[in-house]
Amino acid sequence: MAGDLVPADIEKETHPWSYDGDAAPDGASPVEDGILASGCEALAFYKSIHAEKKAPYPGKWGIFLLDYALNYLAREIERHYPGKFPFPVRVAKGRKLLYFHERFHFRFDCWVLAHESVTGRPLYEDYRNSIYRCFHPEDFVYEESLANLHALRAIAREGIATYAKAFMLSQPGAYSNIIGADREEFLGRLAAQTFYGRAQIVGEPHRRPEHVQYIANSKDDRVRDFSCPVYRVIGVSASQFSVPSIALPTLSEIENRFIRAYLNGREGTRTDHRYFTIDNGQKIKGSSGFCVLLS
Ligand SMILES: [Zn+2]
């Protein structure tokens, strides 16, 4: 991934800006196309400490905020609250909105890490492969609903809550599943996805409520937040950006690791896609780069 990194501070600007103006671009912009497809991850991403050595930015992990996204959010905040906030304040609020969303991913990562040290299992990588990368942004990727709920609560005192809510409702699937959402239920399901992978979606155990109070919401989390590096990514345009945290598994990975190994899948009818019937009789469609759960 191209683009230069500079360390970012959530509370203050640390690097000069080149702002691309308050006039909204004509028609759907590449940024909005990205949001429609990938939600908040089109604007910022969390790279797990588990993946520190991998691309993009080998050797670095943490929260990455894209410059074009901060320009976009500054413009959108001006559109929703005309003349209310000067440009640097709008950038700061946009930065916090993205940071709070990605902070949930970091806190979840920390919680998983603690359980990996107890169980000795690669829980995070298994969850990323069997749930997140395969089903993003479907409704049952609760991690994204929870990240937006977390951001919505944290941004409340910044005076842009109405915009933040509209911004989240413009995002796909799980991202916009925030109205009347049962946060504790989602946390319990996310915990079950971590321990049981795809079995959480297709059967029991469906939730692990005993973990709810410990995911992303403890005093320890607030202390640990300071250990998560935050970067601004400069010099990347929305049209050339592809979301690294969602990078999809290949078909062979899906067939070999997820369907055959975990679900004892049997290959069914075969056309341009492959269909697998899994243990409980549901069908899964695998195609080049993604798989879809069919009811
Ligand atoms: Zn996210």
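Everything quoted here is computed from the prediction, not taken from an experiment.

Caption draft 1: Highlighting the overall build of the protein chain. A count of helices and strands for the protein chain gives ten helices and eight strands. The buried share of the protein chain, taken over its 295 residues, is 41%. Look at the contacts in the protein chain between residues 6 or more apart in sequence, and 68% of them connect residues 24 or more apart.

Caption draft 2: How the structure looks around helix α4 (residues 123–135). Compared with the 18 Å implied by 1.5 Å per residue over 13 residues, the 17 Å span of α4 between its first and last C-alpha is a close match. At Asn129, α4 shows its largest kink, close to 35°. Across the 13 residues of α4, ten count as buried, placing the element largely inside the fold. Among all positions of α4, only Leu123, Tyr124, Asp126, Tyr127, Arg128, Ser130, Ile131, Arg133, Cys134 and Phe135 are buried.

Caption draft 3: The arrangement of the environment of Gly197 in detail. By the element assignment, Gly197 lies in the loop between α7 (183–196) and α8 (199–202). Of the residues examined, Gly197 has 20 C-beta atoms within 10 Å and is grouped as buried.

Caption draft 4: Representation of the sheet that holds strand β4 (residues 230–234) within the structure. Sheet architecture is open: four strands sit in the order β1-β4-β3-β2, paired in mixed fashion. At either margin of the open sheet sits one strand with a lone partner, and together these are β1 (4–7) and β2 (44–47). Direction aside, the axes of adjacent strands within the sheet are offset by 30° on average. Taken together, the four bridges between β1 and β4 define a ladder with antiparallel strand orientation. In the strand pairing of β4, Val6 is matched with Arg232. Of the strands in this sheet, β2, β3 (62–66) and β4 are in contact with helix α2 (residues 67–80), which crosses β3 at around 60°.

Reading the values: the criteria
Residues numbered from 1 in each chain as written. Predicted model: local features only at pLDDT ≥ 70, side-chain atom pairs only at ≥ 80, totals over all residues. Helix = DSSP H or I, 4+ residues; strand = E, 2+ residues; numbered from the N terminus. Buried ≥ 20, exposed ≤ 12 C-beta atoms within 10 Å, placed from the backbone. Contact = placed C-beta atoms within 7 Å. Expected span 1.5 Å × (residues − 1). Bend = angle between axes of the 7 residues up to and from the residue. Pairing = 2+ DSSP bridges. Axes fitted to C-alpha atoms, helices over the stretch in contact; angles between N-to-C directions.

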